[in-house]
Amino acid sequence: MRFTRFGSVAAVAIAASVLLSSCAANEGGTPTDDESASTLSGSLVGGGSSAVGAAQETWIAEFQTANPDVDIAYDPAGSGAGRETFLAGGSDFAGTDRAFDDEEVAAGGFASCAPDSPIVQLPLYISPIAVIFNLEGIDTLDLDAETIAGIFAGTITSWDDPAIADQNEGVELPATPITAVHRSDDSGTTENFTDYLAQAAPTTWTYEADGVWPIEAGEAAQGTSGVVDAVTNGTGTIGYADASRAGDLGTVSVLVGDEYLPFSPEAAAAIVDASPFVEGRAEGDLSIELDRTPDEAAYPVVLVAYLVGCETYEDSAQGELVKEYFTYMASPEGQEAAAEGAGSAPISDALFEKASAAIELIK
Amino acid sequence: MTTTATPPLRAKVRRADRVFSTSTVVAGILILVALAAVAVFLIAQSIPALLADPSELKGSPSSFWAYVGPLAFGTVWAAFLALLIAFPISIGIALFISHYAPRRVAQGLGYVIDLLAAVPSVVFGLWGIKVLAPMVTPFYGWLVDNFGWFPLFAGSVSGTGKTILTVAIVLAVMIIPIITALSREIFLQTPVLHEEAALALGATRLEMIQMAVLPFGRAGIVSAAMLGLGRALGETMVVAMVLSPAPVISFVLTGSANPSTIAGNIALNFPEAHGIEINALIATGLILFAITLVINSVARVIVNRRKAFSGAN
Amino acid sequence: MTATTATPVVAPSGMTNSLTTGRLPRWVPWTLLGASWAVLLVVFGMVAASSDTELNVPAAIFLGTVLFDVLLFVTAYLVEGIRQARDRFVTSLVVTAFILALLPLISLLFTVLTNGLARFDLAFFSQSMRNVVGEGGGALHAITGTLLITGMAAIISIPVGLLTAVYLVEYGRGGLARAITFFVDVMTGIPSIVAGLFAFAFFSLLFDDEGIRFGFGGSVALSLLMIPVVVRSSEEMLKLVPNELREASYALGVPKWLTILKIVIPTSIAGITTGVTLAIARVIGETAPLLLIAGFTTSMNYDLGADRMMSLPVFVFNQYANPGSNVDPYLERAWTGALTLILIVMALNLIARLIANIFSPKLGR
């Protein structure tokens, strides 16, 4: 009796040790006798925005496949954490939902870089934010910024409100109460969405852009997934989330100029081209001052995430590796991969040229 | 016969005894050192937030205390609700397993409840938003329609079920196995002679439990409840994933604006925090520390008053 | 001698004597339970049919059980008297509590199983996520990471926690014991993320590396969360060992340390292992501290001492929270990861029970 018990414990232990000692079937043993095999090797460490997480996974997978001796790690711990770590010298590059601002750039002290090296900030991840809703039988609604602001501020409380109905003639709107869902966590998506409301609907939305939802009205849910779940599971719900996650939910076409525009990658990339760069920055710093009220047909609710590196690294081999990786991410192939894997909007050719010039500075 | 002054009887001090008792002391001191290090870290990191201009904090509260107030309230409120739900159920289950269920199935049933303890909090969080919240939403609507006059169900109902009551239910489910497992072990240790004596006097099973089992286990039950409460107070992921928070102090169970908890708030805002905001979040952690300290001290006082019943007094 | 004394004793009506009143046949409670469930299911079914909604089985079962509690009390009161009725009432409440706890468990296991079995395949347990985008891939890296990190945390926490509990129960007197008791309680209030932050601050200071991420740091962070649970539960269990056992052992001349090792701990080993398993279950699902100090990676790493190490909860949370544009494979991996995590804790629980069975003395129960 006792022996069988010990036996089973031993069996479990052996099974566990076999599991532990085995190797992942998809790792190692990559044939390197390929003629086009790259000579790059080394390891890179990055961290930051979780919004860029899925894109980074795609980029890392592609880049590591092309360069088998390179190891890249990206911790999707959050933009704030990413900037802190980069500032303290704990990572080689950072992904962040907002660029380092004037004050932070002026303060300097980027421990990851060589002393006095300026930083490179590239808007390489552009993701449209969709305003999603769940109403049976309705796939799209046309809304202007004032109405969207009214819904999220809690002043428009029913779906058959005239403010909505006037813009959507022919759509049968139910008398369901509106449940507006916002992010409960501090996030770049919220910051960009509230920035849009503040710029495009200043009379209704009197709050400043902020990563934390500024008012009490509405429901809150954690993360893009939480918002999508809440909107999907509720009825009469509306929320905002990365467009790639809109799925089967209804989406809002936003009034730009005098035209209602649904989100699309091209329209999202266009808003970045239509906006000016922040003035007074170093040559490699492509921080953008987003203009959410464009004159042309550009989708104004976008999240622009930056990849931040140094112009000069202490270790030039490391600089070389960062340069190669950034070059790949900015390249049309890299942007296409991210669009496919993470649903982002590829950057325009004009921005690609500027980014390439900035990447050339890295050493 | 004269009484010769014999030296008082003393046990020989064995080396193994010394080694063993010293190692236990070392382990205890190690814990104290670790905790002191954590406390120093917490306090050192908190001070900048306490001294800082409150307008630099998220949401620009009037002071740090205005920022932490709703969070502290929400922490205690959610944990209290969870304990309120979990405690009677847990004691019931523990009694069921130890004294009611047929002996042969009791162990199996105990294992079933332990299964709940085996579920990690991320999974509870997923279950909470994907299954429980949609399921209770119509029920909340019914509650608010019919009992809206009652302060706990006042106001408009949440459209997604992500309320503090849902969180409390999930937390209760999480702490039930903790309280159950410990109280079950305690009930099983009741001296069989006490139980048989009670039964022999003609007591029903309920009276036997009242006379023999519960008094014996009271201190342990309080400890078990405290351990459960500690888990509920410090739970992060479930609160972050399930709750729809707002910076308010409100007792309402079914609305959209629920007070968040300290641990949940840290989890939600830490990833994007930088500079002084990190210090502010750690300072709220210090407050949670203090809350746990107060609650546990109270529990200790209660337990110590009942010390006479424990086996090793 | 008159015959008057021979009149048979007839209980006067209204007198309730629990020893002589009738008893309910054994089948009555079960029939009542079945009948109440049936009634409520029919009622709910009719409501569902009339309002065109889905039949809410859990609610019907729950309310049916409540109805059963009331019915049983009334029946028992009428037939058996108030003492028996109260006993039966509490019995039925206790059973209700058990059923109530089973409802979420069944719902949860059902959800995890239905969603998680889709990817519960060989690839999931033989591959990592390195260079995997979209479909495919596995969680081997996360499984090994979780086992290594949690295992190391257990290796740190169990001896420290158990020895401290022994100290508190067997040796501790005076200030030090009071201080330890008090501060162990306080330790239960460390938010998990603070434990992670502390571990990160501590090790980055120690190794002078601002970007430090390694598995052992995760183990230390988890130990901070685990130790108080181990101490608290083992302390309660050790306290329950009757003093008579200790005294009998001393009387036979057994030294104190052997008494503790051979008498006290084996007597309470079942409870201690339960506590330890609870503690492991408590920490094995932690996400936030591990993301901070153990980091995030898609590759295998067997070395606790260097480099990022993935863990299952981080894997599950990340698959759920940051999926790519094609969401389904990510969600499937998340649920399968959750299922795996539950299975691991269940297996640990079983092993702990085996150990407890082997070492514990056989009690009367």
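Rules used in this analysis
Residues numbered from 1 in each chain as written. Chains lettered and ligands numbered in written order. Predicted model: local features only at pLDDT ≥ 70, side-chain atom pairs only at ≥ 80, totals over all residues. Heavy atoms only, no water. Buried < 20%, exposed > 50% of the residue type's maximum accessible area, 1.4 Å probe, protein only. Helix = DSSP H or I, 4+ residues; strand = E, 2+ residues; numbered from the N terminus. UniProt positions renumbered as here; feature names shortened; annotations may be inferred. pLDDT = per-residue confidence, 0-100. Contact = heavy atoms within 4.5 Å. Buried area = accessible area lost by both parts, 1.4 Å probe. Salt bridge = Lys/Arg side-chain N within 4 Å of Asp/Glu carboxyl O. Polar contact = N/O pair within 3.5 Å; in protein donor to acceptor, adjacent residues only side chain to side chain. Nonpolar A, V, L, I, M, F, W, Y, C, P; charged D, E, K, R; others polar.

A few words now on helix α13 (residues 312-321) of chain C. Among the 10 residues of α13(C), 10 are classified as buried, and the element is accordingly described as predominantly covered. Of all the positions in α13(C), only C:Leu312, C:Pro313, C:Val314, C:Phe315, C:Val316, C:Phe317, C:Asn318, C:Gln319, C:Tyr320 and C:Ala321 are classed as buried.

To continue, consider the UniProt feature "domain: ABC transmembrane type-1" (unreviewed entry) in chain B. In this structure's numbering, the residues bearing the UniProt feature "domain: ABC transmembrane type-1" (unreviewed entry) are residues 72-299 of chain B. Helix makes up 76% of residues 72-299 of chain B and strand 2%, with an end-to-end C-alpha separation of 19 Å.

Another aspect to go through is the confidence of the model for chain B. All names here are of chain B. Confidence in the prediction of chain B, expressed as mean pLDDT, is 82, and 92% of residues score 70 or more. Mean pLDDT across the elements of chain B bottoms out in helix α3 (residues 103-117) (79) and peaks in helix α2 (residues 64-100) (89). Here residues 308-313 is a poorly scored stretch, pLDDT under 50, and it has 14 contacts once near neighbours within four places are set aside; other chains count. Two numbers describe this predicted complex: its pTM, 0.84, and its ipTM, 0.82.

Moving on, we come to the confidence of the model for chain A. All names here are of chain A. Scored by pLDDT, chain A has a mean of 84; 90% of the residues are at 70 or more. Averaged over each element, pLDDT in chain A is lowest for helix α1 (residues 2-21) (50) and highest for strand β3 (residues 93-96) (92). Predicted confidence is poor over residues 30-35, with pLDDT under 50, and the contacts of this stretch with residues over four places away or in other chains come to 2 contacts.

A separate point is the UniProt feature "binding site: phosphate" (unreviewed entry) in chain A. Residue and element names in this part refer to chain A. According to UniProt, the feature "binding site: phosphate" (unreviewed entry) maps to Ser49, Ser50, Ala51, Ser79, Asp97, Ser187, Gly188 and Thr189 in the numbering used here. A compact arrangement is adopted by the annotated residues: their sequence extent is 141 residues, whereas the largest C-alpha distance between any two is 11.3 Å. With respect to the helices and strands, serine 49 occurs in the loop between β1 (42-48) and α2 (53-66). Tracing the chain through its elements places serine 187 in the loop between β6 (179-183) and α7 (188-200).

Residues and elements named next belong to chain B. Listed under "transmembrane region" (unreviewed entry) in the UniProt record, and renumbered for this structure, are residues 19-44, 64-97, 109-127, 139-157, 164-188, 208-230, 237-258 and 278-299. Helix makes up 100% of residues 64-97 and strand makes up 0%, while its end C-alpha atoms are separated by 48 Å. Overall, residues 237-258 shows 27% helix and 14% strand. The separation of its end C-alpha atoms is 16 Å.

In this complex, chain B contributes 26 residues to the contact, which on the side of chain A involves 30 residues. Across the chain B/chain A interface, buried area totals approximately 2,200 Å², and carbon plus sulfur atoms make up 47% of it. The interface formed by chain B and chain A contains 1 salt bridge. Here A:Asp229 and B:Lys130 are joined by a salt bridge, their closest N and O atoms 3.1 Å apart. Along the contact surface separating chain B from chain A lie 10 residue pairs in polar contact (both at pLDDT 80 or more). The set of elements that each furnish at least two residues to the side of chain B that touches chain A consists of α4 (121-147), α8 (237-242), β1 (245-246), α9 (262-269) and α10 (276-305) of chain B. Looking at the side of chain B that touches chain A element by element, the count peaks at 3 residues for α4(B). Looking at the side of chain B that touches chain A, its residues break down into 13 nonpolar, 8 polar and 5 charged.

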